[in-house]
Amino acid sequence: MDDINLHYRFLNWRRRIREIREVRPVRYRERLKRMLRDGDVLRYHGNSDEVGCFVAARPLSKRSRYFEVTIVDTGVRGMIAVGLVPQLYKLDHQPGWLPNSVAFHADDGKLYNGNTVGQQFGPKCCRGDRIGCGISLDSDDGQLTVFFTKNGKEVGSLDMPAAEALYPAVGMHSLGEEVLLDLHAEWGMEEDDGLMIVDSHEDDWGRLHDIRVSGTLLEYMGKGKSIVDVGLAQALRPLNTRFHYYELEITDAGEKCYIALGLARKDYPKNRHPGWSRGSIAYHADDGKLFQGSGVGDAFGPRCFEGDLMGCGIMFPRDYSNEGRDDVDDWDLEAFPRPSEVQNDLYAGNDEDEEEEEDGEGEDLEGTKVTVFFTRNGNVVGRREVALPAGGFYPTIGMMSTGEKVKVDLHPLSG
């Protein structure tokens, strides 16, 4: 009977996740023609007689509403276009030329809205200028507001039918043109002075080591040379019966995709991948293995790649209580006892071990039994029953190779 109840509870989780999130294909693929992409750099690769076009892998959405392009080189004619297009847009046309597309063109400052004839819209853009494009989804009349920016200031906007998803696009049309692409830029306007502001979201994180935060984006900043070069991000608050699930999207797999998503005690050592030391459990993207307090993982699920969504949550016992704090957003963290400090024997001979791992070796972490589960692209991969450490399990993300970036949503089920 317990197995049947658990089965239906998992089915309910899957339904809730799908209802709250937009429907996403399992794999996303960018499209480009007569262009070369090197990391975040796009270069024209044609003969100036034909258009080159890039279309991003993912459309703009409620969770990713804005992107930017910085002009590195205007080339011969500076015919660079930035805008939005349908997913299957013809790549031999500039963005904005065909129906259901719109773009701001740098060479003449005109707006092209489904037509090869543009309308005067804003200033021309030169080398070093930053062109942004975003959407507003607040309208109730089926219209989508698309806006453009130059160097952090809004140029103008227009309304379009919200009939289909619109993808970030960049067009080029002359030799030497080159831009720097930022698909994860964030935009906000401050009412009093109109200055561009970016919410760093650093307040969401209790600990950051070799990780840079930019909005909801986490970027690995470590050396990426050895097993102690771990970048660690741990949330400020543990999962609880109200916020019991979180997820990340792999926006850049980096060199090795050494990305781990899981849960760990509050004083988890900063130079250990989640799952390697006691008091932690994690699903690792590079090999699909589950690590639970050990450097040796168990076969668990499929590997994860750029564009994949990885999720982690806790199913608490029905009689579990947060000591009356379920309805409080800002918990008093001092009310939780400090977890016991333990020794990780996996790399006991390493000179760079943290001091916090040297004391309290072998202390018992046994507590309430909970079921930790992991998801990939909205589907449950598997689950494991574990003991909840004193103080709770904190969302913890690890990265360990150059170039890795993830976008994190700590409360995907709350909106």
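Scroll up a little and you will see the structure.
The shown structure was predicted, so the numbers you read here are calculated from the model rather than taken from an experiment.

So, the sheet that holds strand 11 (residues 143-150)
Okay, so step 1: Strand order in the open sheet formed by seven strands is 2-3-14-5-10-11-12, and the pairing between neighbours is antiparallel. Edge positions in the sheet fall to strand 2 (35-38) and strand 12 (153-161), since each has one partner strand and no second. When the angles between neighbouring strand axes are averaged without regard to direction, this sheet yields 20°.
Okay, so step 2: In the sheet, strand 5 (residues 66-74) pairs with strand 10 (residues 130-136) via five bridges, with the strands oriented antiparallel. In the strand pairing of strand 10, Glu68 is matched with Gly132.

Re the nonpolar core
Okay, so step 1: Leu218 and Val372 are the most contacted members of the largest nonpolar core, which has 37 residues in total.
Okay, so step 2: At four residues, strand 19 (residues 245-253) tops the list of elements feeding residues into this core.
Okay, so step 3: Setting aside residues no more than four positions away along its own chain, Leu218 makes contact with Trp205, Ile211, Arg212, Val213, Ala233, Ile397, Met399, Glu404, Lys405, Val406 and Val408.
Okay, so step 4: Counting 31 residues, the second largest nonpolar core, distinct from the first, contains Tyr44, Phe104, Phe121 and Cys133.

Some remarks on the pattern of salt bridges
Okay, so step 1: Taken as a whole, this structure holds 14 salt bridges when the rule is applied.
Okay, so step 2: Between Arg63 and Glu247 there is a salt bridge; the shortest N-O distance is 3.3 Å. Taken together, the positions of Arg63 in the loop between strand 4 (52-55) and strand 5 and Glu247 in strand 19 put the pair 184 residues apart, joining distant regions of the chain.
Okay, so step 3: A relative accessible area of 1% means that Glu247 is categorised as buried.
Okay, so step 4: For Asp308, the salt bridge is made with Arg376, and the minimal N-O distance between the two is 3.3 Å. Remark: Arg376 occurs in strand 25 (residues 369-376) and Asp308 occurs in the loop between strand 23 (298-299) and strand 24 (309-315); sequence separation between them is 68 residues.
Okay, so step 5: Accessibility expressed as a relative area gives 15% for Arg376, which makes it buried.
Okay, so step 6: What you see here is one network of salt bridges that share partners, running through Glu30, Arg37, Asp40 and Lys405.

Things to note about the state of the cysteines
As used here, a disulfide is simply a covalent bond connecting the sulfur atoms of two cysteines.
Okay, so step 1: In this structure the tally under the stated criterion is zero disulfides.
Okay, so step 2: With no disulfide of its own, Cys304 lies 7.4 Å from the sulfur of Cys257, the closest cysteine sulfur.

Some words on the sheet that holds strand 15 (residues 205-209)
Okay, so step 1: Strand order in this open sheet of seven strands is 15-18-27-20-21-22-23, and the pairing throughout is antiparallel. Strand pairing shows two members of the sheet lacking a second neighbour, strand 15 and strand 23, which therefore form its edges.
Okay, so step 2: Note that strand 20 (residues 260-264) and strand 21 (residues 280-284) share five bridges and pair antiparallel. Bridge pairing links Gly262 to Ala282 in strand 21.

Some details on unusual backbone geometry
Okay, so step 1: In this structure, Arg34 is a non-glycine residue whose phi angle is positive, near 55°.
Okay, so step 2: Along the chain, the position of Arg34 falls in the loop between strand 1 (31-33) and strand 2.
Okay, so step 3: Positive phi is not limited to glycine here, since Asn377 has a value of about 50°.
Okay, so step 4: As for its position among the elements, Asn377 is in the loop between strand 25 and strand 26 (379-387).
Okay, so step 5: Classification of Asn377 by relative accessible area gives buried; the value is 18%.

Cut-offs and rules
- Residues numbered from 1 in each chain as written.
- Predicted model: local features only at pLDDT ≥ 70, side-chain atom pairs only at ≥ 80, totals over all residues.
- Heavy atoms only, no water.
- Pairing = 2+ DSSP bridges.
- Helix = DSSP H or I, 4+ residues; strand = E, 2+ residues; numbered from the N terminus.
- Axes fitted to C-alpha atoms, helices over the stretch in contact; angles between N-to-C directions.
- Core = buried A, V, L, I, M, F, W, Y, C linked by side-chain atoms within 4.5 Å.
- Buried < 20%, exposed > 50% of the residue type's maximum accessible area, 1.4 Å probe, protein only.
- Contact = heavy atoms within 4.5 Å.
- Salt bridge = Lys/Arg side-chain N within 4 Å of Asp/Glu carboxyl O.
- Disulfide = S-S within 2.5 Å.

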